[in-house]
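Next come the chains, spelled out residue by residue.
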Amino acid sequence: MPWLHEFRGHVADPFSEKKRIPWNLAPQYWTRQEALFNKNEWLDHPLMATGDVREVYEETGRGMDALLEKYGYRRDGYIFRCENNSEDTIALFCHFALGMAIIAHMTGAALPVMWQSFFLPTSSVTTFVTEERVKGEVFFKCMQMGDTSHLYAGGEPVSRSGLFLERLDPEKAGEVNAAR
């Protein structure tokens with residue numbers, strides 16, 4: 001599905017104005033932007049207006065909703081209407097930024113908070129389950145996010161690719177790097 005490729009949206013870096021990805025912003029910037037924490041305001045933040053994040057995020061949401069509708073789940077706000085909630089499994093394979101966009105869309109969370117505050121290791125598994133407390137009304141609940149137990153079970157290391165390493169005192173950097 002074309003919308004399931006890595007998140008293609010970009011913004012202008014707030015420090016350099018160069019086109020960049022929006023999911024690795026400097027904490028010194030984004031933590032001071034209150035609107036980026038708000039699910040109703042983040043898309044209207046001036047930073048998002050410097051690029052095409054809105055278009056790509058909305059395309060992702062439309063794609064996810066259309067996929068779920070094929071399985072009988074029709075979005076009605078944050079609840080999904082369905083006539084026959086099933087135990088079928090839908091498996092999606094995607095990269096971090098798009099995975100977080102899907103999670104934010106499904107839960108109603110502000111996407112910048114998801115991007116900046118959470119990490120999904122390479123080949124990790126995130127699982128949503130349906131919760132049907134009222135017949136025909138389903139909410140998708142995240143049961144696990146970024147699970148890597150399959151890697152541990154297979155004796156494989158968990159990748160830290162995508163994380164910024166801690167800033168270290170240059171004189172101690174060699175000692176710390178040797179210990180890793």
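Here is what the cut-offs are and how they apply
- Residues numbered from 1 in each chain as written.
- Predicted model: local features only at pLDDT ≥ 70, side-chain atom pairs only at ≥ 80, totals over all residues.
- Heavy atoms only, no water.
- Core = buried A, V, L, I, M, F, W, Y, C linked by side-chain atoms within 4.5 Å.
- Buried < 20%, exposed > 50% of the residue type's maximum accessible area, 1.4 Å probe, protein only.
- Helix = DSSP H or I, 4+ residues; strand = E, 2+ residues; numbered from the N terminus.
- Pairing = 2+ DSSP bridges.
- Axes fitted to C-alpha atoms, helices over the stretch in contact; angles between N-to-C directions.
- 1 Å grid on protein atoms, 1.4 Å probe; cavity = no way out; pocket = protein on both sides within 12 Å on 5 of 7 lines; lining within 4 Å.
- Points joined across faces, edges and corners; volume = space filled by probe spheres on them.
- Nonpolar A, V, L, I, M, F, W, Y, C, P; charged D, E, K, R; others polar.

Draft legend 1. Representation of the nonpolar core within the structure. Formed by 39 residues in total, the largest nonpolar core has its most connected members in Phe7, Trp42, Tyr57, Met100, Leu111 and Trp115. Broken down by secondary-structure element, the contributors of at least two residues to this core are α1 (27-30), α2 (53-70), α3 (96-107), α4 (111-117) and β6 (137-147). Ranked by residue count, the leading element in this core is α3, at nine residues.

Draft legend 2. The sheet that holds β6, seen in detail. Strand order in this open sheet of four strands is β3-β4-β6-β5, and the pairing throughout is antiparallel. If you trace the sheet from one side to the other, it starts and ends with β3 (74-76) and β5 (125-134), each paired once. Strand-to-strand twist in this sheet, taken as the mean axis angle between neighbours without regard to direction, amounts to 40°.

Draft legend 3. Broad picture of the layout of surface pockets. As a volume, the largest pocket reaches approximately 1,500 Å³. Lining the largest pocket are 47 residues, and of these Cys94, Gly99, Ile103, Leu120 and Thr126 sit closest to its centre. Contributing elements (two or more residues each) for the lining of the largest pocket: α1, α2, α3, α4 and β5. Considering each element in turn, the lining of the largest pocket owes the most residues, six residues, to β5. Split by residue class, the lining of the largest pocket holds 29 nonpolar, 15 polar and three charged. When its volume is computed, the second largest pocket comes out at roughly 160 Å³. When its residues are assigned to classes, the lining of the second largest pocket shows six nonpolar, four polar and two charged.

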